[in-house]
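Fold and geometry: a report
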Amino acid sequence: MTTRRTPVIFIHGMWLHSTSWQGWADRFHDAGYEPLLPEWPGVPDTVTGARRLPEPQGGVGLADIAEAYTRVIRTLSAPPVLVGHCVGGFVAQHLLGEGLASAAVAIAPGRIKGVKTPAPTQAKSAFAVLRDPGNIHRSVSLSREQFRYAFANAVSEADAEALFDAWTIPSPARPLFQLALGNFTPHSPARVNTDNASRGPLLLMSGRLDHTIPDVLTRSTYKQYRHSPAVTEYQCFEDRGHSLVVDPGWPELATASLTWLGTHARPLASAR
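To start, this report covers the structure provided alongside it. (Residues numbered from 1 in each chain as written. Predicted model: local features only at pLDDT ≥ 70, side-chain atom pairs only at ≥ 80, totals over all residues. Heavy atoms only, no water.)

Following the criterion strictly, the structure yields 10 salt bridges and no others. Of the charged contacts, one joins Glu-67 and Arg-71 as a salt bridge, the two residues approaching to 3.8 Å between their closest N and O atoms. Of the two residues, Glu-67 and Arg-71 are both situated in helix H3 (residues 62–74); the distance of four residues between them amounts to about one turn of the helix. Residue classification places Glu-67 among the partly exposed positions, given a relative accessible area of 37%. Given a relative accessible area of 48%, Arg-71 falls into the partly exposed group. Linking Glu-161 and Arg-144 is a salt bridge whose minimum nitrogen-to-oxygen distance equals 2.7 Å. Note that Glu-161 is positioned in helix H7 (residues 157–167) and Arg-144 in helix H6 (residues 144–150), a separation of 17 residues in sequence. Through salt bridges that share partners, Arg-208, Asp-215, Arg-219 and Glu-238 make up one connected network. (Salt bridge = Lys/Arg side-chain N within 4 Å of Asp/Glu carboxyl O. Helix = DSSP H or I, 4+ residues; strand = E, 2+ residues; numbered from the N terminus. Buried < 20%, exposed > 50% of the residue type's maximum accessible area, 1.4 Å probe, protein only.)

Further remarks concern the packing of aromatic side chains. The description of two aromatic rings rests on the distance between their centres and on the angle between their planes. With the rule as written, the count across this model stands at 10 aromatic pairs. With a centroid separation of 6.3 Å and an interplanar angle of 25 degrees, the aromatic rings of Trp-24 and Phe-28 are classed as stacked. In this pair, Trp-24 and Phe-28 both sit in helix H1 (residues 22–30), four residues apart, roughly one turn of the helix. Grouping residues by exposure puts Trp-24 and Phe-28 together as buried. Taking the centre distance of 5.4 Å and the plane angle of 55 degrees together, the rings of Phe-28 and Tyr-33 count as tilted. (Phe/Tyr/Trp six-rings, centres within 6.5 Å; stacked < 30°, edge-to-face > 60°.)

Limitation: the analysis is restricted to geometry and does not speak to function.
Put into structure tokens, the structure is as follows:
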């Protein structure tokens, strides 16, 4: 007799590798889930490989990433829980809105179509990529200084250096362009079905000190769900920046996610 576990898919954002979720995966496994860490299209299985071979992911966009995770979901025997960060947080919301998941946790999620709140720090974080339109076809990297401002402003210099060395990889720039221009693009891939009344529960998380996805954007995203009766909740971590899923404080968010899911989406415990 075997016990079924609820699958949980972790979806990373730009400039991080899927293996950066390993600590989360271990925590969720211990809590009764079956974790999966799929990669974005064109990204090698290791950080080293992704740094050595960035070209295959150049030009990959939101629809490509969402479709890759949809294919993984189609292979599962039960609807998964999704946990996503940044662009991964957008993808988690998109797939949940399409009815492909049982629940989702979207952490500092990318700006969905409809969110119009200005965020100056986000503009500064994204400028290094968006200033060159040709980047839409390329895979791009952050410098140490850019990473420090965009990701690691709320941790020590030593922690910022360690995170940069451990996890950063080149990423396709197209998703950043698509999210930034979502409100100006008909049929934008940045659209999420926020009105879906039958979707699973959603938790939106933010860091108050986040420069890349400021808390005001996450709160504005939360308001986009006001017309749906489905469970939607919001939590803010006062002293955290965009690195909140990988920096030394990540266990706090993992615990908060598990606690919330324990209330709204308990893992399977039936035998088959």
